[in-house]
Amino acid sequence: MKGLVYRGPGKKALEEVPHPRIEQPTDAVVKILRTTICGSDLHILKGDVPTVKPGTVLGHEGVGVIEEVGQAVSAFRKGDHVLISCISSCGRCEYCKRGMYSHCSVAGWMLGHTIHGTQAEYVRIPFADTSLHRIPDGMDEEALVMLSDILPTGFECGVLNGKVQPGSTVAIVGAGPVGLAALLTAQFYSPAEIIMIDLDDNRLEVALTFGATQTVNSGRENAVERVMALTGGIGVDTAIEAVGIPATFVLCQDIVAPGGTIANVGVHGTKADLHLERLWAHNITLTTRLVDTVTTPMLLKTVQSKKLDPQKLITHRFALADILEAYETFEKAAQTRALKVIIG
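Residues numbered from 1 in each chain as written. Predicted model: local features only at pLDDT ≥ 70, side-chain atom pairs only at ≥ 80, totals over all residues. Heavy atoms only, no water.

(A) Region of interest: the UniProt feature "domain: Enoyl reductase (ER)" (unreviewed entry) in the chain. Feature annotation in UniProt places "domain: Enoyl reductase (ER)" (unreviewed entry) on residues 8-343, given in this structure's numbering. Counted over residues 8-343, helix gives 28% and strand 22%. Its end C-alpha atoms are 22 Å apart. (UniProt positions renumbered as here; feature names shortened; annotations may be inferred. Helix = DSSP H or I, 4+ residues; strand = E, 2+ residues; numbered from the N terminus.)

Structural data, given as structure tokens:
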């Protein structure tokens, strides 16, 4: 079968790879119908995630059909349509019992990281009973790819960790797919203001259609001064960092109000400064998190009830044979206006 293989920093190729098989009784093998590319995949290709070894099939998102299940799998059977969680969980360890699936003692972020991922024709899913979600009949399976990672990531790491509340002010730094996912799900809590900050006018325009109340192009104006002007010189209650570079992390520190929260979502490949010399007395909360996908069942219900429409995040579609073109389109988002690309 074909799979997109990581060959070291800056190197990738669509290659023939072995067909996955059941290795443990709790495994399932899933035929991929739709998958996508994540910003984390780009970080891997930059060399920011050295735990990914050359030869690994990338990808941790997707929907598919179960091809085979191990003897211990009881919740699924061959032919079931399933949503693949980007996080695998055993469901039994101390961390899983606390809902911290990303820190599962034996699993966590495995797909496209420590084992072969979803950017292939088939994938092996460890701990299938607790790492897959059955797709209700009649749902838009393409749209549900957004629930594998970016929607729970934006919601859990940004909105929940950021303590977004009714009437609060929120700034989201980075209007990429995860930042837009945070924007969509922040509206569950009716904040008074959601300010989107980015360098890309197209993405800022999209943010306005998604519910942002204000936008700031930090390439053309002083973002700190603009946010302070919008908040009466106070700053925002919640600053969500959704880029993963030192400058945007510092920007969040510059715009957060006393008593506010900085919720880091971005994947940081280099060190970033924390200015405690300014913030030590400001009652600031700083949170970090890898998505746990504990909210995926709830988000699935909101999509089913049409309270949330992840389809609007999809801008491009490619066949698996054209995945290298899909990567190029996703990497050059400023030119292509890509948000999420669907492959399948």
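From this point, the discussion proceeds with the structure in view.
(B) Fine view of the nonpolar core. Membership of the largest hydrophobic core comes to 64 residues, with the highest contact counts inside it found for L180, L183 and M196. If we skip the residues at most four places from it in the chain, L183 touches I172, I194, M196, A207, F210, G211 and A212. (Core = buried A, V, L, I, M, F, W, Y, C linked by side-chain atoms within 4.5 Å. Buried < 20%, exposed > 50% of the residue type's maximum accessible area, 1.4 Å probe, protein only. Contact = heavy atoms within 4.5 Å.)

(C) Highlighting the side chain of R203. Relative to the elements of secondary structure, R203 occurs in helix α7 (residues 201-210). Notably, R203 is buried but unbridged: the nearest opposite-charge side chain belongs to D200, and the N-O separation is 4.5 Å. Looking at R203, its side chain comes within polar contact range of the main-chain oxygen of A338, at 2.9 Å. The residues contacting R203, other than those within four sequence positions of it, are A175, G176, P177, A333, A338 and L339. (Lys, Arg positive; Asp, Glu negative; His and termini not counted. Salt bridge = Lys/Arg side-chain N within 4 Å of Asp/Glu carboxyl O. Polar contact = N/O pair within 3.5 Å; in protein donor to acceptor, adjacent residues only side chain to side chain.)

(D) Quick look at the pairing of strand β4 (residues 62-69). With six bridges joining them, strand β3 (residues 28-36) and β4 adopt antiparallel strand pairing. Its bridge partner lying in β4, R34 is registered against V63. Summarising the sheet, β4 and strand β5 (residues 81-84) pair through four bridges and their orientation is antiparallel. Looking at the pairing, V63 lines up with L83 of β5. (Pairing = 2+ DSSP bridges.)

(E) Here's a closer look at the pattern of salt bridges. On inspection of all chains with the given rule, the structure shows 15 salt bridges. Between E23 and R124 there is a salt bridge, with its nearest N and O atoms 3.5 Å apart. With E23 in the loop between β2 (12-16) and β3 and R124 in strand β6 (residues 122-125), this pair connects stretches of sequence that are 101 residues apart. For R124, a relative accessible area of 14% gives the class buried. Across the pair E221 and R226 runs a salt bridge, and its minimum N-O distance is 3.5 Å. Here the salt bridges share partners, and the residues they tie into one network are E23, D27 and R124.

(F) Here's a closer look at the environment of T130. Its location among the elements puts T130 in helix α3 (residues 128-131). Of the residues examined, T130 reaches a relative accessible area of 39% and is grouped as partly exposed. Ignoring anything within four residues of it in the chain, the contact list for T130 reads S89, C90 and G91.

(G) Quick look at the packing of helix α5 (residues 150-160) against helix α6 (residues 177-186). Interhelical geometry of α5 versus α6 gives an angle of 70 degrees and a closest axis separation of 8 Å. On the basis of the axis angle, α5 is roughly perpendicular to α6. Between α5 and α6 the crossing geometry is right-handed. Taken together, the residues of α6 that come into contact with α5 (itself represented by I150, L151, T153, G154, F155 and V159) are P177, V178, A181, A182, T185 and A186. Residue classes in the contact of α5 with α6 are distributed as nine nonpolar, three polar and no charged. (Axes fitted to C-alpha atoms, helices over the stretch in contact; angles between N-to-C directions. Parallel < 35°, antiparallel > 145°, perpendicular 65-115°, else oblique. Left-handed = near helix turned anticlockwise from the far one by under 90°. Nonpolar A, V, L, I, M, F, W, Y, C, P; charged D, E, K, R; others polar.)

(H) Just α7, in detail. Every buried residue of α7 is accounted for by N202, R203, L204, V206, A207 and F210. If you check the start of α7, you find a side-chain oxygen 2.8 Å away from the backbone N of N202, and it comes from D200. At the exit of α7 stands G211, carrying a positive phi of roughly 120 degrees.

(I) Representation of the environment of T296 within the structure. The topology assignment puts T296 in helix α11 (residues 296-304). For T296, a relative accessible area of 1% puts it in the buried group. In this structure the C-alpha to C-alpha distance between T296 and P191, which are 105 residues apart in sequence, comes to 22 Å. For T296, the residues in contact, after removing those within four places along its chain, are L83, H133, L147 and P152.

(J) Structural view of helix α9 (residues 246-255). Where burial is concerned, most of α9 is hidden: seven out of the 10 residues are buried. T248, F249, V250, L251, C252, Q253 and I255 are the residues of α9 that are buried.

(K) Geometry of the sheet that holds strand β10 (residues 214-217). With respect to topology, six strands assemble into an open sheet ordered β10-β9-β8-β11-β12-β13, the strand pairing being parallel. What marks the edges here is a single partner per strand, and that holds for β10 and β13 (285-287). Direction aside, neighbouring strands of the sheet carry axes that sit 15 degrees apart on average. The sheet contacts of helix α8 (residues 223-230) involve β9 (193-198), β10 and β11 (236-241), and relative to β10 the element is tilted by about 160 degrees.

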